Amino acid sequence: MKTLIKEISEIIANKILESYDIHEATGFDTIFGELKTKLPDISILPENVIDVSKYKEHEIVNALKSIGYDYKKPMSGKLHFFNKKSSISLYLIQRELKITLMP
């Protein structure tokens, strides 16, 4: 009986994790699409990083603000932006001009 409960629990946990991964990927794609309308010469790098190096920092900041991201604070060479509507944080790595979801 304990084995059956354990197996069912694992199946449920895996389904929840699969659902979370799908939503996370969809969110990233949405962010990239919105940003691409403002900065058309950007690309996706591995590990969900957006390369915005063909633009100046102020152009990137203005684009992020125009799609609903508020500037919060600098964090160790990164600028932190937050979207209240989606509750998503983005980080602009200043020296590389890349955007990441990870702090």
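Residues numbered from 1 in each chain as written. Predicted model: local features only at pLDDT ≥ 70, side-chain atom pairs only at ≥ 80, totals over all residues. Heavy atoms only, no water.

**Q** How should the pairing of strand S3 (residues 70-75) be read in this particular structure?
**A** Successive residues of a regular strand alternate their side chains across the two faces of the sheet. Pairing analysis gives five bridges linking S3 to strand S4 (residues 78-83), with the strands arranged antiparallel. Bridge pairing in S4 places Tyr71 opposite Phe81. Where S3 folds back onto S4 in an antiparallel hairpin, the turn is made up of two residues, including Ser76, whose phi is positive at roughly 50°. (Pairing = 2+ DSSP bridges. Helix = DSSP H or I, 4+ residues; strand = E, 2+ residues; numbered from the N terminus.)

**Q** Where do I start with the side chain of Lys78 in this structure?
**A** Looking at where Lys78 falls in the secondary structure, it is placed in strand S4. Among buried charged residues, Lys78 stands out as having no salt bridge; its nearest opposite-charge side chain is Glu96, 8.7 Å away. The contact partners of Lys78, leaving out residues within four places of it in the chain, are Lys73, Tyr91, Leu92, Ile93, Gln94, Met102 and Pro103. (Buried < 20%, exposed > 50% of the residue type's maximum accessible area, 1.4 Å probe, protein only. Lys, Arg positive; Asp, Glu negative; His and termini not counted. Salt bridge = Lys/Arg side-chain N within 4 Å of Asp/Glu carboxyl O. Contact = heavy atoms within 4.5 Å.)

**Q** Explanation requested: the packing of aromatic side chains in the structure shown.
**A** We describe a pair of aromatic rings using the distance from one ring centre to the other and the angle between the two ring planes. Taken as a whole and assessed by the stated rule, the structure comprises one aromatic pair. Seen in terms of ring centroids, Tyr71 and Phe81 are 5.6 Å apart; in terms of plane orientation they differ by 65°. Their pairing is edge-to-face. Of this pair, Tyr71 sits in strand S3 while Phe81 sits in strand S4, placing them 10 residues apart in sequence. The class for Tyr71 is partly exposed, based on a relative accessible area of 37%. For Phe81, a relative accessible area of 0% corresponds to the buried category. (Phe/Tyr/Trp six-rings, centres within 6.5 Å; stacked < 30°, edge-to-face > 60°.)

**Q** Even after reading the chapter, I still don't get a nonpolar patch on the surface, so can you show me in this structure?
**A** On the surface, Leu4, Ile8 and Ile12 cluster together to form a nonpolar patch covering roughly 270 Å² of accessible area. In this structure, Ile12 sits in helix H1 (residues 2-38). A relative accessible area of 47% places Ile12 in the partly exposed class. (Patch = residues over 30% accessible without salt bridge, like charges linked within 9 Å, V, L, I, M, F, W, Y side chains within 5 Å. Areas by Shrake-Rupley, 256 points an atom, 1.4 Å probe, with all protein chains shown as cover.)

**Q** Sorry if this is basic, but what is going on with the environment of His80 here?
**A** Relative to the elements of secondary structure, His80 occurs in strand S4. By relative accessible area, which is 11% here, His80 ends up buried. Each C-alpha atom, one on His80 and one on Leu90, is 6.0 Å from the other, the two residues being 10 residues apart in sequence. Looking at His80, its side chain comes within polar contact range of the side chain of Ser89, at 2.9 Å. (Polar contact = N/O pair within 3.5 Å; in protein donor to acceptor, adjacent residues only side chain to side chain.)

Any functional reading would require information that these geometric values do not contain.
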